[in-house]
Amino acid sequence: MWQCLFFSVPGVTIVTDIICGFPTETEEDFNLTLQIVNEYKFPSLFINQFYPRPGTPAAKMKRLPTNQVKNRSRRLTHLFQSYETYSYLVGSHTKVLVTELSHDGNYYVGHTKAYEQVLIPPCEGVMGKFVGVKITSAGKHFLKGELMATPSLDTHRPHPPPLPQGSVSGLDKWKENLSKNGKLFQRHWLYESVHS
């Protein structure tokens with residue numbers, strides 16, 4: 001499924017929440033979680049320890065030992081902190097919507113369409129607008145950029161026409177691309193068999 005998303009939506013950002021220590025979680029389950037995080041290197045990961053919410057079936061289950069849950073949470077956090085998230089974007093050009101001043105007051109904050117945070121030097125007339133930036137450096141949770149020569153990309157484009165009834169946004173284009181390239185993912189046949 002991940003591969004289909006990455007192929008179909010270039011630049012897609014996938015973010016997830018992970019609960020460590022659910023009562024039925026085995027060491028094998030947790031190791032599979034580590035493997036998925038290591039493979040996909042999620043840019044943002046919300047790590048929580050299981051909490052038995054009253055009134056839920058899980059609240060009645062036998063809990064895992066607290067030290068085991070904390071250990072798993074630490075291991076997952078360590079893995080998340082160990083990899084670079086955005087370094088591959090350094091040197092690229094992108095468009096950001098500038099929305100606010102950073103907490104320290106030194107930068108304007110913009111976001112890409114994948115909601116990656118980009119810090120740029122303050123510049124007159126860009127607040128609330130789309131601007132072109134060149135990414136100059138990357139941190140774990142942010143990018144830094146500089147305005148490109150033609151800063152404003154605010155082009156009030158009209159909305160595309162509505163999709164025909166029964167069509168799914170992007171799916172027809174995805175199938176067309178797969179057919180043209182002759183590359184089919186294993187899940188494509190499943191889609192066809194279910195929807196034929």
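Whatever comes next refers back to the structure up there.
Numbering of residues starts from 1 in every chain and runs along the sequence as written. Confidence filtering applies because this is a predicted model: local features only for residues at pLDDT of at least 70, side-chain atom pairs given and counted only at 80 or more, and all residues used for totals across whole chains, interfaces and linings. Side-chain calculation: all heavy atoms of the structure are included, whereas hydrogens and water are not.

Draft legend 1. The arrangement of helix α3 (residues 66–82) in detail. If you check α3, its first and last C-alpha atoms are 24 Å apart, about what 17 residues at 1.5 Å a residue would give, namely 24 Å. Think of it in three bands: with a 1.4 Å probe and only protein chains considered, a residue is buried below 20% of the maximum accessible area for its type, exposed above 50%, and partly exposed in between. Runs of E in the DSSP output that reach at least two residues are strands. Runs of H or I that reach at least four are helices, and both are numbered from the N terminus. Those residues of α3 not exposed but buried are Val 69, Arg 72, Ser 73, Leu 76, Leu 79 and Phe 80. In an axial view of α3, the angular spread of the buried residues amounts to 125 degrees, which keeps them on one side of the axis. Projecting away from the buried face of α3 at angles above 90 degrees are the exposed residues Thr 66, Asn 67, Arg 74, His 78 and Ser 82. By the convention used here, residues are in contact when the closest approach between their heavy atoms is within 4.5 Å. Contact partners of the buried residues in α3: β1 (16–20), α2 (27–40) and β2 (45–49). Take the number of residues in a helix, subtract one, and multiply by 1.5 Å to get its expected span. Each direction from the helix axis to a C-beta atom contributes to the arc, which is the arc of those directions.

Draft legend 2. Representation of α2 in the model. Spanning 14 residues, α2 covers 20 Å between terminal C-alpha atoms, matching the ideal 20 Å at 1.5 Å per step. Within α2 the residues assigned to the buried category are Phe 30, Leu 34, Val 37 and Tyr 40. For α2, the buried positions fall inside an angular range of 150 degrees around the axis, keeping them on one side. Once α2 ends, the next one or two residues include Lys 41, with phi positive near 45 degrees.

Draft legend 3. Structural detail: the side chain of Glu 25. With respect to the helices and strands, the residue Glu 25 is situated in the loop between β1 and α2. Any N or O atom pair separated by 3.5 Å or less is treated as a polar contact, with the protein-specific requirement of one donor-capable and one acceptor-capable atom, and with residues adjacent in sequence counted only for side-chain atom pairs. A polar side-chain atom of Glu 25 sits 2.7 Å from a polar atom in the side chain of Arg 72. Beyond its immediate stretch of four places on either side in the chain, Glu 25 contacts Ile 19, Cys 20, Phe 30, Leu 64 and Arg 72.

Draft legend 4. Representation of the layout of surface pockets in the model. Grid points spaced at 1 Å over the protein atoms alone were grouped into cavities, where a 1.4 Å probe fits but cannot get out, and pockets, open sets with protein on both sides within 12 Å along at least five of seven lines, with lining residues defined by an atom within 4 Å of a point. Grid points are joined across faces, edges and corners, and a volume is the space filled by probe spheres set on the points. There is about 220 Å³ of room inside the second largest pocket. As for the second largest pocket, its lining consists of 14 residues, and the residues nearest its centre are Ser 44, Tyr 86, Tyr 115, Gln 117 and His 141. Here the residues of the lining of the second largest pocket are counted per class, giving 7 nonpolar, 5 polar and 2 charged. Gly counts as polar in this scheme, as do all residues outside two lists: the nonpolar Ala, Val, Leu, Ile, Met, Phe, Trp, Tyr, Cys and Pro, and the charged Asp, Glu, Lys and Arg.

Draft legend 5. Inspection of the packing of α2 against α3 at higher detail. Between N-to-C directions, angles cover 0 to 180 degrees, with each direction set by a line fitted to C-alpha atoms, over the stretch in contact for helices. Viewed as axis vectors pointing N to C, α2 and α3 meet at an angle of 15 degrees, and their least axial separation amounts to 10 Å. Our classification of the angle between α2 and α3 gives roughly parallel. Once α2 is placed against α3, the crossing between them reads as right-handed. Note on element contacts: α3 touches α2 through Gln 68, Arg 72, Arg 75, Leu 76 and Leu 79, opposite Glu 27, Phe 30, Asn 31, Leu 34, Val 37 and Asn 38. Residues belonging to the contact of α2 with α3 are distributed by class as follows: 5 nonpolar, 3 polar and 3 charged. Working rule for angles: under 35 degrees goes down as roughly parallel, over 145 as roughly antiparallel, 65 to 115 as roughly perpendicular, anything else as oblique. The crossing is said to be left-handed when, going from far helix to near helix, the turn is anticlockwise and less than a right angle, and right-handed when the turn is clockwise.

Draft legend 6. Representation of a nonpolar patch on the surface within the structure. Together, Ile 19, Phe 22 and Met 61 make up an exposed nonpolar region whose accessible area comes to about 240 Å². Looking at the secondary structure, you find Met 61 in the loop between β2 and α3. On the basis of relative accessible area, Met 61 is assigned to the partly exposed category, the value being 32%. Exposure above 30% relative accessible area and no salt bridge define the residues that can form patches, which grow by joining like charges within 9 Å and nonpolar side chains of Val, Leu, Ile, Met, Phe, Trp and Tyr within 5 Å. Only the protein chains shown count as cover for residues, with accessible areas throughout obtained via the Shrake-Rupley method and a probe of 1.4 Å. When a carboxyl oxygen of Asp or Glu lies within 4 Å of a side-chain nitrogen of Lys or Arg, that pair is called a salt bridge.

Draft legend 7. Looking closely at the pairing of strand β3 (residues 93–101). Criterion used throughout: strands pair if DSSP finds at least two bridges between them. Pairing between β3 and strand β6 (residues 130–138): 5 bridges, direction antiparallel. Within β6, the residue paired with Leu 97 across the bridge is Phe 130. In this structure, β3 lies alongside strand β4 (residues 108–111), joined through 4 bridges in antiparallel fashion. When the bridges of β4 are listed, Val 98 appears paired with Gly 110. Adjacent in sequence and paired antiparallel, β3 and β4 are bridged by 6 residues, among which Gly 105 carries a positive phi angle near 80 degrees.

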